[in-house]
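# Summary of structural features
The chain contents come next:
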Amino acid sequence: MVLLNDFIVYFWILKTKQMTHLQAGDKAPDFKGLNQKGEEVSLANFQGKKVILYFYPKDMTPGCTAQACNLGENYTELTAKGFEVIGVSADSVARHQKFVDKYELPFTLLADESKEIIQAYGVWGMKKMYGKEYEGIYRETFVIDEKGMIEKIILKVKTKTHTEQILTELGQ
């Protein structure tokens, strides 16, 4: 009976355990990845700058496009306030370049096909859509301050008004 209970507990943990999630005040995990041009980019490149690091499921999908376009349309305002914008998904460098070209996105997109950055930030796990469960990327945004500390985490992203949401939540 003990063995069966241990198996049930182990199985439950495997099925329900999400990655440990970071919190505001934590040091942002460093990362390295390739941008849409195939150039290596790391968090260290942005030392001394504020970073909006947003994770999204997939290029060219309606919600992801709305979010990226909203950030792109407000990019001048964001940079004027001292922010750099970096988007991360598991898409390839080539797919990111097509996405950037099609929607004239002015910021960096990182290709994380190995999901190392995605896992470091705890944004990979079980999702549910139309009653079906699957693994995928959680749409979340991390605001990182000039010292590399997480200032804010937005878990419920409003794709069409994401810039406004970020600035409101930061009190700006």
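A brief report on the enclosed structure follows.

### A few points about helix 2 (residues 62-73)
For helix 2, which comprises 12 residues, the first-to-last C-alpha distance of 16 Å matches the rise-based estimate of 16 Å (1.5 Å per residue) to within 8%. Among all positions of helix 2, only Cys64, Thr65, Gln67, Ala68, Cys69, Asn70 and Leu71 are buried. If you follow the buried residues of helix 2, they end up packed against strand 3 (50-55), helix 3 (75-80), strand 4 (83-89), helix 4 (93-103), strand 8 (140-144) and helix 6 (162-169).

### Concerning the packing of aromatic side chains
Summed over the entire model, instances satisfying the criterion amount to 9 aromatic pairs. With centroids separated by 6.2 Å and ring planes inclined at 40 degrees, the aromatic side chains of tyrosine 75 and phenylalanine 107 adopt a geometry described as tilted. Of this pair, tyrosine 75 sits in helix 3 while phenylalanine 107 sits in the loop between helix 4 and strand 5 (108-111), and the two are 32 residues apart along the sequence. By the burial criterion, tyrosine 75 is buried, and phenylalanine 107 matches it. Between phenylalanine 99 and tyrosine 103, the ring centres sit 5.6 Å apart and the planes meet at 75 degrees, which makes this aromatic pair edge-to-face. One end of the pair is phenylalanine 99 and the other is tyrosine 103, both in helix 4 and 4 residues apart, which spans about a single turn. Residue classification places tyrosine 103 among the partly exposed residues on the basis of a relative accessible area of 28%. Across the ring face of phenylalanine 83, the terminal group of lysine 50 is positioned such that the distance to the ring centre comes to 4.6 Å. One cation-aromatic arrangement involves lysine 115 over tryptophan 124; the distance from NZ or CZ to the ring centre is 4.9 Å.

### As for unusual backbone geometry
Phi at methionine 60 takes a positive value of approximately 70 degrees, unusual for a residue other than glycine. Positionally, methionine 60 belongs in the loop between strand 3 and helix 2.

### A closer look at the pairing of strand 5
Every second residue of strand 5 is oriented toward a common face, with Thr108 and Leu110 on one face and Leu109 and Ala111 on the other, all of them buried. Here strand 4 runs beside strand 5; their pairing, made up of 4 bridges, is parallel. Bridge assignment links glycine 87 to a residue of strand 5, and that residue is leucine 109. Taking the sense of rotation as the criterion, the β-α-β connection linking strand 4, helix 4 and strand 5 turns out right-handed.

### Side note on the nonpolar core
Of all hydrophobic cores here, the largest spans 23 residues; its most connected members are Leu53, Phe55, Tyr121 and Phe142. Elements represented by at least two residues in this core include exactly strand 3, strand 4, helix 5 (116-120), strand 8 and strand 9 (150-154). Broken down by element, the residue count for this core peaks at 3 residues, all from strand 3. Beyond its immediate stretch of four places on either side in the chain, leucine 53 contacts Phe31, Ile86, Val88, Tyr121, Glu140, Thr141, Phe142 and Ile144. Ile52, Phe99, Val100 and Ile166 belong to the second largest nonpolar core, which has 21 residues in total.

Rules used in this analysis
- Residues numbered from 1 in each chain as written.
- Predicted model: local features only at pLDDT ≥ 70, side-chain atom pairs only at ≥ 80, totals over all residues.
- Heavy atoms only, no water.
- Helix = DSSP H or I, 4+ residues; strand = E, 2+ residues; numbered from the N terminus.
- Expected span 1.5 Å × (residues − 1).
- Buried < 20%, exposed > 50% of the residue type's maximum accessible area, 1.4 Å probe, protein only.
- Contact = heavy atoms within 4.5 Å.
- Phe/Tyr/Trp six-rings, centres within 6.5 Å; stacked < 30°, edge-to-face > 60°.
- Lys NZ or Arg CZ within 6 Å of the ring centre and 35° of its normal.
- Pairing = 2+ DSSP bridges.
- Right-handed = clockwise from strand over helix to strand, strands pointing away.
- Core = buried A, V, L, I, M, F, W, Y, C linked by side-chain atoms within 4.5 Å.

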